[in-house]
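What follows is each chain in one-letter form.
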Amino acid sequence: MPGFRSAEIIAVGSELLTPHRSDTNSLFLTGRLNDLGIDVRSKAIVGDDRANLAALLRQALARADLVVITGGLGPTNDDVTREAVATALDRPLSENDELLAGLRARFASRGMTMPEINRRQAQVPRGAAPLPNSMGSAPGLWIDMAAGERGRAVVLLPGPPRELQPMFDQSVAPRLARESGGRRWRRRVVKLTGRAESQVDEVAQPVYGPFRDGEIPIDTTILAAPGQIELHLSAAGADLEAVDRALDEGVARLAAALVPHVFSVDGRSLEAVVGDLLQSKDLRIAVAESCTAGLVLARLTEVPGSSSWVVGGVVAYANEVKISALGVAPDLMALHGAVSEPVATAMADGVRVRFSADLGLSITGIAGPAGGSPEKPVGTVVIAIATGRAGSSVRTFRFPGDRRMVRQQATSAALDLVRRTLLASN
Ligand code: ATP
């Protein structure tokens, strides 16, 4: 019997169509379904409207093996899910005696009589199996579709995440796992910096394109954020060792094609990679930041244990501080300007010496929106690294985007320059 391969999720609730509430259930469900080897093809949000929900459910069943509906199972009139599902599947509702007894017992255990309105929660479409709710009153429902009907199953879950999550894990996941023959999705992430998304894709596409036709097909997605690109690889199968081998090989091929921009294939962040390199070489770093004003130091110290490799730093925003706290010569600043390679180098040297660190890192730039000039437009950032005996290196970048993006890209570029310097110093 083929297992569940594809799913669609429908979140029910008019409040989810306002700016005040987000549909987080579908994120939880997508993660869990993917782990079970089930591909989520589409998600929808619908208000408390029977006809809309019934139409959406029919469409979803025409496309997917499994449809999961969340919310709208409460006892009030605007809880429309049961009725809409009964209509869409053409399965009349009837009262389930066991559920009714359970609901009455739940109220009685709190010394209350069940309000008549809650009787609605014992109404189930024909052939539906109740799923116990350990955290609330609304039971979930599992409905197997009959041969000749579209789809394989419809699962209804309560809206509140604290009820939905345990119900999924306790009652739905084990059943899906049993019926999916052990098929699972596995994932890998290749992280890069120093390249634009289009540049990465130009090199990566010819490499990952053929992955789809492999014995174990691998899906690849490219995700971009300022200063970082991620390639996500995923593959599914029941033989997890074979899936892992295929993914490892895919990652190795992509990493080889994208050297030296790849900084991590094992989930580590750029700051964690830099931290590990500093620790392995027993080196300590100090940072002088102008336009990033502490962002680099904040990222470096996000890594647990960073006190072993981070000494500290200076936010040298004003020119006076570059002079007084870092010892940058006023003449140098007058001659070249604060955003220049000589000044960045002097800042890196200054912070290294004054903090008795092995490495000094500095950033000075124009994040905008004001302050640019034809020679030094907004987005110009100079980054320097001083290593004492081994000398110093300096680079000028031009980053696109607004102030926030320039600062983020500058932060990643600075950390990446440290990574490359440390790798080159082997
Ligand atoms: P109840 O018996 O508690 O009413 P229900 O199944 O009817 O259960 P809803 O009334 O639809 O659930 O939603 C109850 C609350 O659960 C909502 O106010 C909201 O805070 C939360 N909720 C509902 N759907 C979602 C969702 N998709 N993502 C996150 N939270 C949700």
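Look up a bit, the structure's there.
Residues numbered from 1 in each chain as written. Predicted model: local features only at pLDDT ≥ 70, side-chain atom pairs only at ≥ 80, totals over all residues. Heavy atoms only, no water.

Novice: Which parts of the structure should I look at to understand the site of the ligand?
Specialist: Lining the immediate environment of the ligand, one finds 20 residues, of which Arg 21, Asp 23, Gly 72, Gly 74 and Gly 159 sit closest. For the ligand, a nitrogen atom lies 3.0 Å from a polar atom in the backbone of Thr 24. Protein contact buries 78% of the 610 Å² of open area that the ligand shows by itself. (Near = heavy atom within 4 Å. Polar contact = N/O pair within 3.5 Å; in protein donor to acceptor, adjacent residues only side chain to side chain. Areas by Shrake-Rupley, 256 points an atom, 1.4 Å probe, with all protein chains shown as cover.)

Novice: Mind showing me how you'd approach the pattern of salt bridges here?
Specialist: One side chain can pair with another of opposite charge once the charged atoms of both are near each other. According to the stated counting rule, one finds 20 salt bridges in the structure shown. Across the pair Arg 120 and Glu 83 runs a salt bridge, and its minimum N-O distance is 3.0 Å. You can see Arg 120 sitting in the loop between α4 (97-108) and β5 (123-125) and its partner Glu 83 sitting in helix α3 (residues 81-89), a full 37 residues away along the chain. Measuring nitrogen to oxygen at the nearest pair gives 3.5 Å for the salt bridge that ties Glu 116 to Arg 119. Judged by its relative accessible area of 29%, Arg 119 is partly exposed. Residues participating in the shared-partner salt-bridge network are Glu 95, Arg 104, Glu 116 and Arg 119. (Salt bridge = Lys/Arg side-chain N within 4 Å of Asp/Glu carboxyl O. Helix = DSSP H or I, 4+ residues; strand = E, 2+ residues; numbered from the N terminus. Buried < 20%, exposed > 50% of the residue type's maximum accessible area, 1.4 Å probe, protein only.)

Novice: Teacher, can you tell me more about helix α6 (residues 197-208) here?
Specialist: Side chains three or four residues apart in an α-helix point the same way, a direct result of the helix having 3.6 residues per turn. Looking only at α6, the buried set comprises Val 200, Ala 204, Val 207 and Tyr 208. Projected down its long axis, α6 carries its buried residues within an arc of 75 degrees, all on one side. Of the exposed residues in α6, those oriented more than 90 degrees away from the buried face are Ser 198, Glu 202 and Pro 206. Where the residues of α6 are buried, they touch β9 (184-192), β10 (219-225), β11 (228-237) and α7 (240-258). (Arc of directions from axis to C-beta. Contact = heavy atoms within 4.5 Å.)

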